[in-house]
Amino acid sequence: MANDQSMTKNQKLIDWVNEWAKICQPDSVYWVDGSEAEDKKLFDQMVASGMAVKLDEKKRPNSYYFQSDPSDVARVEDRTYICTPKKEDAGPTNNWADPAEMKTLMLGKYKGCMKGRTMYVIPYSMGPLGSTIAHIGIELTDSPYVVVNMRTMTRMGKAVLDVLGNGEFVPCVHTVGAPLAPGQKDKAWPCAPIEEKYITHFPVTKEIWSYGSGYGGNALLGKKCFALRIASYMAKQDGWLAEHMLILGLTNPEGKTKYIAAAFPSACGKTNLAMLIPTIPGWTVKCVGDDIAWMKYGKDGQLYAINPEAGFFGVAPFTSMETNPNAMLSCKSDTIYTNVGLTPDKDIWWDGIGVDCPEGTITWKGEKYTKGSDVQVAHPNARFTARANNCPAIDPAWEDPAGVPISAILFGGRRPSTVPLVYEARDWNHGTFMGSVVGSEVTAAAIGLKAGVRRDPFAMLPFCGYNMADYFGHWIKVGAAAPDKNKLPKIFNVNWFRKDNTGRWLWPGFGENSRVLAWVFDRCDGKAKGIETPIGLIPEAKDINVQGLKVTAEDLKELLNVDKNLWKDEVVLIKEHYARFGDRLPKELAAELEKLEKNLA
Ligand code: SAT
Ligand code: MN
């Protein structure tokens, strides 16, 4: 079996790779060097085998198209496990399994799982190479699609092994779970049936084992598995934060820049906010990251953040030159498209892209679209994998190994009522309380769930690698450990989704959200005033610039209104949410809830 290990002298790594090669029995082992030539070779191989389609070189330079298996289109939360020795340590929001039992079960599945395939060894760094905030992982995978995606999403290849030396790495094992018998023809998208997929985390030993899926966060193990689930556990141990947050740099008309991190549940426009184009004159936004932030105190006592990723794994549908030009320009070239439509002239199409679907477009399931037919052209979770460096709005400091200093942290969800456009926490613990109750309204009709608020604390519900109540406690601790309390980021909650009682949106959203960011900026700059309310500090109406908007003075009043009765109902819902965590809920949060109740009385 070919297995050229000359790229490293790290014996622990070599032994680990050999051990897994013995278990998975691939035809060969290939150490990924991360070069352009290697990347091209892998794409060529995938085009030749029918797994990939090369897109038109003029329209979409260096870009490729993939269709997944219809059973393998998104992260699978009910197949995702946190295996801590004690069930309580995974907490009420995670699927738990006993680590030893899970390893026995999965080892049985891994046996011979790579027969007929190549095992790729991917050294990758989450974070700029050599940054003191960055960490290294090694992913084993039998999917060349994963290799080319990891090249865009992380810093990957030989340079990582050079930085690693004999150091520690997070071992990540991935297989599509579809061994090939001699002579058996491969599928375009091999994977295992849904009930055989396992996305498993062992936080205590910092290991990731993934079986049976080739899609997104199930397979690109640096992203949600490492940078959030395992990293959140590492962060708790070592006193830092691994968060599901975008990072943006906001510059005011005087040329002063402040960095903001923001957490929102999915479908709240995180990528759009990260790349926003302000509509108010003189302000600019630059993007540091659209999904994940790792934050640590710097020597000056300020919290610094890096984006551990190197690319965007963005949702394609409804991304357009209208809604997010910077995302559209990021995926103009050097992009991997998965589960979008493929047009007859070898371009891509999705709903909301801004033009009609061309006749004869091939759908993500391989059907042909004709005008009037009701086929689904792009899957709602269709994605583009694009290089951060191709984003026209990428921040000049986005790869600074020291990170960027964070002045403000935002939380938010979709809340048609109750929650104002923006309000500010009085202090860190109050902000932690805000993060712990983040939620989005769901309508019974849309999802078939009980209508109400679905809580997604810190937007980390599917991504917290340990007991969520302990995670809240960790946030409290990080605030208490601040070297200088005056340098802690200010914390805000925003809500772009407020409606009036006729169901009309009160706020236009998108680029207009810059008007709210400007207030956040000015608060951090000691300029704007904050008005005390029972729930926190709100802006004076005059400090939200609505010039040129259809938002009337009445609308703005409603947008900033804190209705005590609605908030009393909210308290009941928060109590229900907190009850899940029993006596593991930090006493500081119980105290915050009590304070809120008193303020509303
Ligand atoms: O598939 S990913 O986990 O990378 C993206 C997402 O679901 O948020
Ligand atoms: Mn995300």
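Here the structure is a predicted model, which is why all the values come from computation and not from measurement.

I'd love a proper account of the packing of helix α2 (residues 36-49) against helix α4 (residues 144-153), names of residues and values included.
Where α2 contacts α4, the two axes come as close as 10 Å, and the packing angle between them is 145°. Helix-helix and strand crossings are classified by hand; for α2 and α4 the assignment is left-handed. Residue-level contacts link E36, D39, L42, F43 and M46 of α2 to P144, Y145, V147, V148 and R151 of α4. The residue inventory of the contact of α2 with α4, partitioned by class, reads 7 nonpolar, no polar and 3 charged.

Describe helix α7 (residues 222-238), naming the residues involved and giving the relevant values.
A rise of 1.5 Å per residue sets the reference length of α7, with its 17 residues, at 24 Å; its end C-alpha atoms lie only 19 Å apart and thus fall more than 12% short of the reference. The largest bend in α7 comes to about 45°, at A231. The first or second residue beyond α7 is G239, which carries a positive phi of 80°.

Mind laying out the coordination of the manganese ion (ligand 2), listing which residues take part and the relevant values?
At 2.1 to 2.2 Å from the manganese ion (ligand 2) lie its protein donor atoms, namely K224 (NZ), H244 (NE2) and D291 (OD). Read in sequence order, the donor residues for the manganese ion (ligand 2) give the motif K-x19-H-x46-D. Separated by 47 residues along the polypeptide, H244 in the loop between β11 (241-243) and β12 (246-251) and D291 in the loop between β14 (284-289) and β15 (293-297) bring together distant segments of the chain. Overall, H244 belongs to the buried group, its relative accessible area being 5%.

An account of the packing of aromatic side chains is needed here, citing residue identities and associated values.
Under the criterion given, the structure shown has 32 aromatic pairs. Ring centres 5.5 Å apart and planes at 55° place the aromatic pair W16 and F169 in the tilted group. Separated by 153 residues along the polypeptide, W16 in helix α1 (residues 11-24) and F169 in the loop between α5 (158-164) and β8 (170-175) bring together distant segments of the chain. Both residues of the pair, W16 and F169, count as buried. Arranged with centres 6.0 Å apart and planes meeting at 75°, the rings of Y30 and Y120 form a pair that is edge-to-face. Remark: Y120 occurs in strand β5 (residues 118-126) and Y30 occurs in strand β1 (residues 28-31); sequence separation between them is 90 residues. On the basis of relative accessible area, Y30 is assigned to the partly exposed category, the value being 29%.

What counts and how
Residues numbered from 1 in each chain as written. Chains lettered and ligands numbered in written order. Predicted model: local features only at pLDDT ≥ 70, side-chain atom pairs only at ≥ 80, totals over all residues. Heavy atoms only, no water. Axes fitted to C-alpha atoms, helices over the stretch in contact; angles between N-to-C directions. Helix = DSSP H or I, 4+ residues; strand = E, 2+ residues; numbered from the N terminus. Left-handed = near helix turned anticlockwise from the far one by under 90°. Contact = heavy atoms within 4.5 Å. Nonpolar A, V, L, I, M, F, W, Y, C, P; charged D, E, K, R; others polar. Expected span 1.5 Å × (residues − 1). Bend = angle between axes of the 7 residues up to and from the residue. Donors = N, O, S within 2.8 Å, 3.2 Å for Na, K, Ca; no water. Buried < 20%, exposed > 50% of the residue type's maximum accessible area, 1.4 Å probe, protein only. Phe/Tyr/Trp six-rings, centres within 6.5 Å; stacked < 30°, edge-to-face > 60°.

Just geometry here; none of it tells us what the structure is for.
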